[in-house]
Amino acid sequence: MADWHTTVTPPALARLLAAARLPEPATARRPAYRVLAGQIRLLVTEGRLPVGARLPAERELASALELSRTTVATAYETLRADGYLLSRRGAGSWTALPEGAPPPSDALHPVPPDEQGRTLDLGVAALPAPQPFLGEAAARAVEQLSCYAAGHGHYPTGVPVLREAVARRYTERGLPTTPDQILVTTGAMGGLHLIQRALIGRGDRVAVEAPSYAHTLQALRITGARLVPVPYGYRPEPEWDLTEWRRVLRGAAPKVSYVIPDFHNPTGALIGEEQRRELLAAARAAGSVVLVDETTAELGWGVPESVPMPRPMAALDRAAQVVTVGSAGKLLWGGLRIGWVRAAPALVRRLASDRVYSDVGTPVLDQLIAADLMGEPLPAVRAHQLDRLRATAHAFAAALPEHLPGWTFAQPPGGLSLWVSTGGLSGAALAQAGERGGVRIAAGNRFGSDGAFEHHIRIPFTVPAPAVPAAVRRLAATAARAAAGGRFGPADGAPPLAV
Ligand SMILES: Cc1ncc(COP(=O)(O)O)c(C=O)c1O
């Protein structure tokens, strides 16, 4: 369980409960205590109430909800019996998940090529290379390679042409940047790894969005960081809950706050400039470094060209507390393994020194290909990839309600995936059934820091649009098989929240 407990005030819990309305028949003819217990359980399993959150005392909650104290006491008792609440006399009650709730399983590896005909891969959220652009850029890069081949080929900070291309792109996006602020890394993961090694020690707290990108969460766990989840707010689109962020920043004083403000993975949410400023102010007051992951920042397939994008968080940062990672892996190609860190030149130099003891540098040829693609071809490459994502996103939005009417999702303005509430079906059970039924599925609990989001899955926009109806039919068949034994915990309170 988390070592720092957020305290949920009675009005805050009342607001969350109002948003978690259980539709009929879940509430019909049920005693009030069971409805309340079901709602609280739903908030915990959906990650809207972090595991380890301290709940109000019975009397206070009863008064805020205008219920009898006996109703609240019996609801708490029910939650305790089911494993969703832990209480210590005199100390209070905290939310929990019952033992036996499926933990996030091992890393989801891409389906190997020889299985691709049989297995539908909805696990990995990455696109194929944009062709013919990649092939053409690779041919030009090979021609240039002879200029580099005479040297040793080690560039701990990156090949100058790529550092310049990345800096230029930031400047175009409203954040003036010089090449000495850029460190080329082996994918965004390589950049995150270097930053974690430099800034985060065993036992340090790191605030993370809930949900968040599964691989970063796992990398942070491996580092020994203590994750403090900050649930998203919904109005109804997902956005940051700044009240909760302020509470966490003040109370837990996380050394680092990790956020994905642009077309967030997995929800696709885009955070507006005002919320970005407010989070920066709260983090500055708490002395927390803000680690901004911009891997998905260029994926605004639903944002019209005429609508200005919110500026990168580093452009709003007056206190030099932002460190940014980015990647060519989504717009260009994941197989290039090109990412970067944007930071103060001193930190760039430090990270470059550190990497001499890990991967030394990123392959020169891949850097030359990326630098080429980030030049003249970029607008056409971007249009090509965004057209593909948009078509697939629209195809899923059309096919899912037809075949899986109990599943709900908010259509995001961009990004790589739909974050889908599965109508009470366990995402882990669905993933298991998928393994047998020829579809690889990323269960929602991978994206929670503590096993939450049990009733979610992430559906990536990787399937070409014409193949989406068949993919959804296969998902529906898998869901039907999983439904038989796919729930954990008592089933009432399981209906979806409209996300
Ligand atoms: C938010 C986020 N960060 C990091 C990564 C990893 O990026 P890369 O492949 O460049 O290492 C991904 C990939 O999906 C991502 O979505």
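Residues numbered from 1 in each chain as written. Predicted model: local features only at pLDDT ≥ 70, side-chain atom pairs only at ≥ 80, totals over all residues. Heavy atoms only, no water.

### As for the packing of aromatic side chains
Then comes step 1: Enumeration according to the criterion identifies five aromatic pairs in this entry.
Then comes step 2: Relative to Phe447, the ring of Trp419 lies with its centre 5.6 Å away and its plane at 75 degrees, an arrangement referred to as edge-to-face. Linking Trp419 in strand β13 (residues 417–421) with Phe447 in the loop between β14 (439–443) and β15 (456–460), this pair joins segments that are 28 residues apart in sequence.
Then comes step 3: For Phe447, a relative accessible area of 2% gives the class buried.
Then comes step 4: Cation over ring: Arg41 sits above Tyr84, and NZ or CZ is 5.6 Å from the ring centre.
Then comes step 5: Note that Arg342 overlies the ring of Tyr170, its terminal NZ or CZ placed 5.8 Å from the centroid. (Phe/Tyr/Trp six-rings, centres within 6.5 Å; stacked < 30°, edge-to-face > 60°. Helix = DSSP H or I, 4+ residues; strand = E, 2+ residues; numbered from the N terminus. Buried < 20%, exposed > 50% of the residue type's maximum accessible area, 1.4 Å probe, protein only. Lys NZ or Arg CZ within 6 Å of the ring centre and 35° of its normal.)

### Concerning helix α7 (residues 187–199)
Since the α-helix packs 3.6 residues into each turn, any two residues three or four apart lie on the same face.
Then comes step 1: Relative to the 18 Å expected for 13 residues at 1.5 Å per residue, α7 spans 19 Å between its end C-alpha atoms, a close match to the ideal helical length.
Then comes step 2: α7 sits mainly inside the fold: ten of its 13 residues count as buried.
Then comes step 3: All of the buried residues in α7 are Gly187, Ala188, Gly190, Gly191, Leu192, Leu194, Ile195, Gln196, Ala198 and Leu199. (Expected span 1.5 Å × (residues − 1).)

### Section: the pairing of strand β11 (residues 322–327)
Then comes step 1: Among the six residues of β11, six are classified as buried, and the element is accordingly described as predominantly covered.
Then comes step 2: Neither face of β11 is exposed, since Val322, Thr324 and Gly326 on one face and Val323, Val325 and Ser327 on the opposite face are all buried.
Then comes step 3: Inspection of the sheet shows strand β10 (residues 289–293) paired to β11 by four bridges, in the parallel sense. Among the inter-strand pairings, Val292 is bridged to a residue of β11, identified as Thr324.
Then comes step 4: As paired elements, β11 and strand β12 (residues 338–342) share four bridges and run antiparallel to each other. Each residue of the ladder has a partner; that of Val325, found in β12, is Val341. (Pairing = 2+ DSSP bridges.)

### Concerning the environment of Thr392
Then comes step 1: Following the sequence through the fold, Thr392 ends up in helix α13 (residues 378–403).
Then comes step 2: Along the sequence, Thr392 and Thr216 sit 176 residues apart, while their C-alpha atoms lie 26 Å from each other.
Then comes step 3: Among residues more than four places away in sequence, those in contact with Thr392 are Phe461, Thr462, Val463, Pro464, Ala465 and Val468. (Contact = heavy atoms within 4.5 Å.)

### Looking at the sheet that holds strand β8 (residues 238–240)
The strands making up a sheet are joined through hydrogen bonds of the backbone, oriented either antiparallel or parallel.
Then comes step 1: A sheet is described by the order of its strands in space; here eight strands give the open sequence β5-β12-β11-β10-β9-β6-β7-β8, paired in mixed fashion. The open sheet has two edge strands, β5 (182–186) and β8, and neither has a second partner. Adjacent strand axes in the sheet meet at a mean angle of 25 degrees when their direction is disregarded.
Then comes step 2: Across three bridges, strand β7 (residues 226–234) lies against β8 in antiparallel orientation. Paired with Tyr234 across the bridge in β8 is Pro238.
Then comes step 3: Where helix α6 (residues 160–172) meets the sheet, it contacts β5, β11 and β12, and its direction lies at approximately 115 degrees from that of β5. (Axes fitted to C-alpha atoms, helices over the stretch in contact; angles between N-to-C directions.)

### Section: the domain arrangement of the protein
Then comes step 1: Entries for the protein in the domain assignment read domain 1 (2–102), domain 2 (133–375) and domain 3 (379–492).
Then comes step 2: In this structure, domain 1 and domain 2 have C-alpha centres spaced 37 Å apart.
Then comes step 3: Listed by partner, the interface residues are eight residues for domain 1 and twelve residues for domain 2.
Then comes step 4: Carbon and sulfur atoms make up 57% of the area that domain 1 and domain 2 hide from each other, which totals about 910 Å².
Then comes step 5: Counting across the interface, domain 1 meets domain 2 through one residue pair in polar contact (both at pLDDT 80 or more). (Domains from an automatic or database assignment. Buried area = accessible area lost by both parts, 1.4 Å probe. Polar contact = N/O pair within 3.5 Å; in protein donor to acceptor, adjacent residues only side chain to side chain.)

### Considering the side chain of Arg355
Then comes step 1: Tracing the sequence through the fold places Arg355 in helix α11 (residues 345–355).
Then comes step 2: Apart from residues lying up to four places away in sequence, Arg355 is in contact with Tyr155, Pro156, Leu183, Val184, Thr185, Thr186, Leu194, Arg197, Val360, Gly361 and Thr362.

### Regarding the packing of helix α14 (residues 427–437) against helix α15 (residues 468–483)
Then comes step 1: Where α14 meets α15, the axes come as close as 9 Å, and the angle between the chain directions of the two elements is 115 degrees. Considering only the axes of α14 and α15, their crossing is right-handed. Contacts from Ala429, Leu430, Ala433, Gly434 and Gly437 in α14 reach Arg474, Thr478, Ala479, Arg481 and Ala482 in α15.
Then comes step 2: Residue classes in the contact of α14 with α15 are distributed as five nonpolar, three polar and two charged. (Left-handed = near helix turned anticlockwise from the far one by under 90°. Nonpolar A, V, L, I, M, F, W, Y, C, P; charged D, E, K, R; others polar.)

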